[in-house]
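Descriptive structure summary
Here are the chains, one letter per residue:
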Amino acid sequence: MVTLAEVAQHAGVSASTVSYVLSGKRSISTTTRQRVEESIRRLGYHPNAGARALASSRSNIIALMIPLRTDMYVPVMMEIAVAVATSARTHGYDILLLTGEEGPDAVRRVTGSGLADAMILMDVELDDERLPLLRGTDQPSVLIGLPADTTGLTCVDLDFRATGALCVEHLAELGHRDIAVIGEAPAVYERHTGFAERTLDGLRTRARELELRLLHRPCEGGYDAMAATLARVFDERPGTTGFVVQNESAVEPLLALLRQQGRAVPEDVSVVAVCPEQVATQASVRLTSVAVPAQEMGRHAVEQLVAKLDGRGSDEVVLLAPELTVRASSGPAPVRSQPLTSP
């Protein structure tokens, strides 16, 4: 393990000069700083994290709270987490990953222990129990998600309300009048998870404005659950020709069941999904979709948080505009054959 004293000896300067170069607390000439930085690179020196934290009152760690629940699509959550970690490293921060369903206790643990300089929270509910604690602490934080009340908070999210409206508009333009929404698992709505509730609100509001019939059915995902849900949809609304899916694990079972029933996509039924790009492009029918911009969300969250840590940021809501990509799963609504009448 290379020591600070060895770096000083290699660079031909005092140990205090190396310390000042690392901390930036004093002005050091460009030539001396470059010589010290070159010695650090050559020797592979890494400052002791504990000593650095004591000296600067900073840990250079960001806590990322990402409860991994069985009713959530974990790959997209982890894609956001990887984007957060990658972006954080470019700013000199490491990530402390908290995956338990601890709620407010996790916030108390981070703020009370000094484990991290700041927090990023995911899986945000409309009335999230963690929010009063965030508002009551000086520690910077950013939400990836949107609660009902954003006062005193910094939030980054896809505009899910606009996303729902965009899906309805696309199907309406194709002539679809009866639309079914295959939603997330029931527990996601029972928790009033922000992204699911806001998408549903956008879907319903725009459907009313366009005078469309809209049916929403939560689904656990998987073949058996999707089969029961689809049977219920066609039992209640036999004329359904458009589907909006916000449930990654239900996508392929839905397409398989429609094939089994002799309903061609998109000739008989159109399907639009809110999902990661990879899910849409690798489905058995390439899906018209609104992508969840996981990497962009993670990067924006880190940038907002670093700005707050540097004293430059302010509380604001950043909503990313949805973009719908048309692929092979959506087309004009089928023309209903009219019964023959006698002249």
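The sections below set out a description of the structure shown in this document. Since this is a predicted model, take the numbers as computed values, not measurements. Here, residues in each chain are numbered from 1, in the same order as that chain's written sequence. Per-residue local features are limited, in this predicted model, to residues with pLDDT of at least 70; the limit for side-chain atom pairs, both in listing and counting, is 80 or more; totals at the level of whole chains, interfaces and linings are taken over all residues. Where side-chain values are given, they derive from all heavy atoms of the structure, hydrogens and water being excluded.

**Remarks on the overall build of the protein**
Put simply, the test is: Note on conventions: DSSP H or I runs of at least 4 residues are helices, E runs of at least 2 residues are strands, and numbering of each starts at the N terminus. Three exposure classes are used, based on accessible area relative to the maximum for each residue type with a 1.4 Å probe and protein chains only: buried under 20%, partly exposed in between, and exposed over 50%. We call two residues contacting when some pair of their heavy atoms lies within 4.5 Å. To measure how exposed things are, a 1.4 Å probe is used in the Shrake-Rupley method; for residues, cover is taken only from the protein chains shown.
Within the protein one finds 14 helices and twelve strands. Dimensions of the protein along its principal axes, counting C-alpha atoms only, are 105 × 40 × 35 Å. Within the protein, the proportion of its 343 residues that are buried is 49%. For the protein, the proportion of contacts with a sequence separation of at least 24, taken over those separated by at least 6, is 71%. Summed over its atoms, the accessible surface of the protein is roughly 16500 Å², and 50% of this surface lies on carbon and sulfur atoms.

**Describing the pattern of salt bridges**
Keep this limit in mind: The salt bridge definition used is simple: a Lys or Arg side-chain nitrogen within 4 Å of an Asp or Glu carboxyl oxygen.
Counting across every chain of the model gives 21 salt bridges. With a shortest N-O distance of 2.9 Å, R108 and D105 are connected by a salt bridge. With a gap of three residues between them, R108 and D105 both fall in helix α6 (residues 104-113), about one helical turn apart. By relative accessible area, D105 is classed as partly exposed at 48%. A single salt-bridge network, built from bridges that share partners, covers R69, D71, D123, E125 and R191.

**Observations regarding the sheet that holds strand β7 (residues 213-218)**
As a reminder of what qualifies: In this scheme, strands are said to pair when DSSP sees at least two bridges between them. Only the contacting stretch of a helix is used when fitting its axis, a line to C-alpha atoms as for every element, and angles between N-to-C directions run 0 to 180 degrees.
Pairing is mixed across the open sheet formed by six strands, whose spatial order is β7-β6-β8-β9-β10-β12. Unpaired on one side and paired on the other, β7 and β12 (324-325) mark the two borders of the sheet. As paired strands, strand β10 (residues 288-291) and β12 are joined by two bridges and run antiparallel to one another. Within β12, the residue paired with S289 across the bridge is T325. Packed on one face of the sheet, helix α10 (residues 194-209) meets β6 (178-183), β7 and β8 (242-245) and runs near 160 degrees to β7. Most of the contacts of helix α12 (residues 248-260) go to strand β9 (residues 270-275), to which it runs at about 165 degrees, and overall it touches β6, β8 and β9.

**Structural notes on empty space enclosed by the protein**
How we decide: Here a cavity denotes grid points, spaced 1 Å and computed from the protein atoms alone, that fit a 1.4 Å probe unable to get out, and a pocket denotes an open set having protein on both sides within 12 Å along at least 5 of 7 lines; residues with an atom within 4 Å of a point are the lining. Grid points are joined across faces, edges and corners, and a volume is the space filled by probe spheres set on the points. Just so you know the grouping, Ala, Val, Leu, Ile, Met, Phe, Trp, Tyr, Cys and Pro go in nonpolar, Asp, Glu, Lys and Arg go in charged, and all remaining residues, Gly too, go in polar. What counts as a domain boundary in this text is fixed by an automatic or database domain assignment.
Enumeration according to the criterion identifies two cavities of 30 Å³ or more in this entry. In this model, the largest cavity occupies a volume close to 330 Å³. Every residue lining the largest cavity is counted, 23 residues in all, and those nearest its centre are M72, V76, M77, F160 and F195. Put simply, the parts of the chain that give the lining of the largest cavity at least two residues each are α5 (74-90) and α10. At three residues, α5 tops the list of elements feeding residues into the lining of the largest cavity. Considered class by class, the residues forming the lining of the largest cavity number 14 nonpolar, five polar and four charged. Built from parts of two domains, the lining of the largest cavity gets at least three residues from each of domain 2 (61-159 + 294-322) and domain 3 (160-291). Approximately 50 Å³ is the volume attributed to the second largest cavity. Residue lining of the second largest cavity: M65, I66, P67, L98, G100, E102, G103, A106 and R130, and that is the complete set.

**Some remarks on the layout of surface pockets**
The calculated volume of the second largest pocket comes to roughly 150 Å³. Around the second largest pocket sit L158, E277, A291, P293, E296, L320, A321, P322, E323 and T325, which together line it. Looking at the lining of the second largest pocket residue by residue, the classes come out as six nonpolar, one polar and three charged.

**Regarding the environment of E79**
On the secondary structure map, E79 appears in helix α5. With residues near it in sequence (within four places) discarded, E79 still touches A294 and Q295.

**A short note on the pairing of strand β4 (residues 141-144)**
Across the two faces of β4 the burial is the same, with S141 and L143 and V142 and I144 all buried. Pairing of strand β3 (residues 118-121) with β4, which is carried by three bridges, proceeds in the parallel orientation. By the bridge assignment, I120 is partnered in β4 with V142. Note: β4 against strand β5 (residues 155-158), two bridges, orientation parallel.

**Details of unusual backbone geometry**
Cis geometry marks the peptide bond from V265 to P266, where omega comes out at 15 degrees. For P266, the position within the fold is in the loop between α12 and β9. One non-glycine residue, D123, lies in positive phi territory at about 55 degrees. If you trace the backbone, D123 turns up in the loop between β3 and α7 (131-135). Since its relative accessible area comes to 6%, D123 is described here as buried. If you check the backbone angles, E211 has positive phi at about 60 degrees while not being a glycine. Checked against the element boundaries, E211 lands in the loop between α10 and β7.

**Notes on the packing of helix α1 (residues 4-11) against helix α3 (residues 30-43)**
Heads up, the rule is: To sort the angles, those under 35 degrees are grouped as roughly parallel, those over 145 as roughly antiparallel, those from 65 to 115 as roughly perpendicular, and the leftovers as oblique. The hand of a helix crossing depends on one turn: near helix anticlockwise from the far one by less than a right angle means left-handed, and clockwise means right-handed.
In contact at an axis separation of 9 Å, α1 and α3 are set at 120 degrees when each is read in the N-to-C sense. Judged by the angle between their axes, α1 and α3 are oblique. The handedness of the crossing between α1 and α3 is right-handed. Here α1 contributes E6, V7, H10 and A11 to the contact with α3, which in turn contributes R35, V36, S39, I40, R42 and L43.

These figures come from the coordinates and say nothing about function on their own.
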